[in-house]
Amino acid sequence: MSTPAAPSVLFVCVHNAGRSQMAAAFLTHLAGEKVQVRSAGSAPADAVNPAVVEAMKESGIDISAQAPKVLTVEAVQASDVVITMGCGDACPYFPGKRYLDWTLDDPAGQGVQAVRPIRDEIERRIRGLLTELGIEATP
């Protein structure tokens, strides 16, 4: 009996410097090899928001080596679930994909104090997503 392929999740926000990076990092951290994780931005920034890097470090996850990536049609086509975070109509739509839109405050230009509640809400949603996918989070 073959093991089903790991589901693939793509997180998209405008700059790929905050929300989508945090979501991808939490999903990678909590699901390990059980999920393929991608993140991208419709207009990627030059670097990940330093306050986001700091807030994630407080949660024990180092994303300092991550870089914003541009959203491609191929990334969307290769994903089972596409989660948008304020990118509006910039995300291409393909039938047969599961689309979720998470309304979250934008951490751009915010300090770590303002990023913490966004980070915590993203972690809560990622844990819910894992439950929906039938994947047990790594402790």
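Refer to the structure above for everything that follows.
Just so it is clear, the model here is predicted, and its values are computed rather than measured. Residue positions are given per chain, counted from 1 along the sequence in the order it is written. Residues qualify for local features only when their pLDDT is at least 70, as the model is predicted, and side-chain atom pairs are given and counted only at 80 or more; totals for whole chains, interfaces and linings, by contrast, use all residues. Where side-chain values are given, they derive from all heavy atoms of the structure, hydrogens and water being excluded.

Draft legend 1. Structural view of the pattern of salt bridges. In the sections that follow, a salt bridge refers to a side-chain nitrogen of Lys or Arg positioned within 4 Å of a carboxyl oxygen of Asp or Glu. Following the criterion strictly, the structure yields eight salt bridges and no others. A salt bridge links Arg-124 to Glu-121; its shortest N-O distance comes to 2.6 Å. With a gap of three residues between them, Arg-124 and Glu-121 both fall in helix H4 (residues 112-133), about one helical turn apart. Burial classes follow relative accessibility: with a 1.4 Å probe on protein chains only, a residue under 20% of its type's maximum area counts as buried, one over 50% as exposed, and anything between as partly exposed. Overall, Glu-121 belongs to the partly exposed group, its relative accessible area being 21%. A salt bridge links Glu-123 to Arg-127, with the shortest nitrogen-to-oxygen separation between them at 3.1 Å. With Glu-123 and Arg-127 both in helix H4, this residue pair falls four residues apart, about one helical turn. Connected through shared salt-bridge partners, Glu-58, Arg-116, Arg-119 and Asp-120 make up one network. Starting at the N terminus, helices and strands are each numbered in turn, a helix being any DSSP run of H or I of at least four residues and a strand any DSSP run of E of at least two.

Draft legend 2. Region of the structure containing the sheet that holds strand E4 (residues 98-101). The strand order across the open sheet formed by four strands is E2-E1-E3-E4, and the pairing between neighbours is parallel. This sheet does not close on itself; its edge strands, each paired only once, are strand E2 (36-41) and E4. The mean inter-strand angle of the sheet, taken between neighbouring strand axes irrespective of direction, is 20°. Strands were regarded as paired on the criterion that DSSP finds at least two bridges between them. Inspection of the sheet shows strand E1 (residues 8-13) paired to E2 by six bridges, in the parallel sense. Only C-alpha atoms enter the line fits that serve as axes; for helices the fit covers just the stretch in contact. Angles between N-to-C directions range over 0 to 180 degrees.

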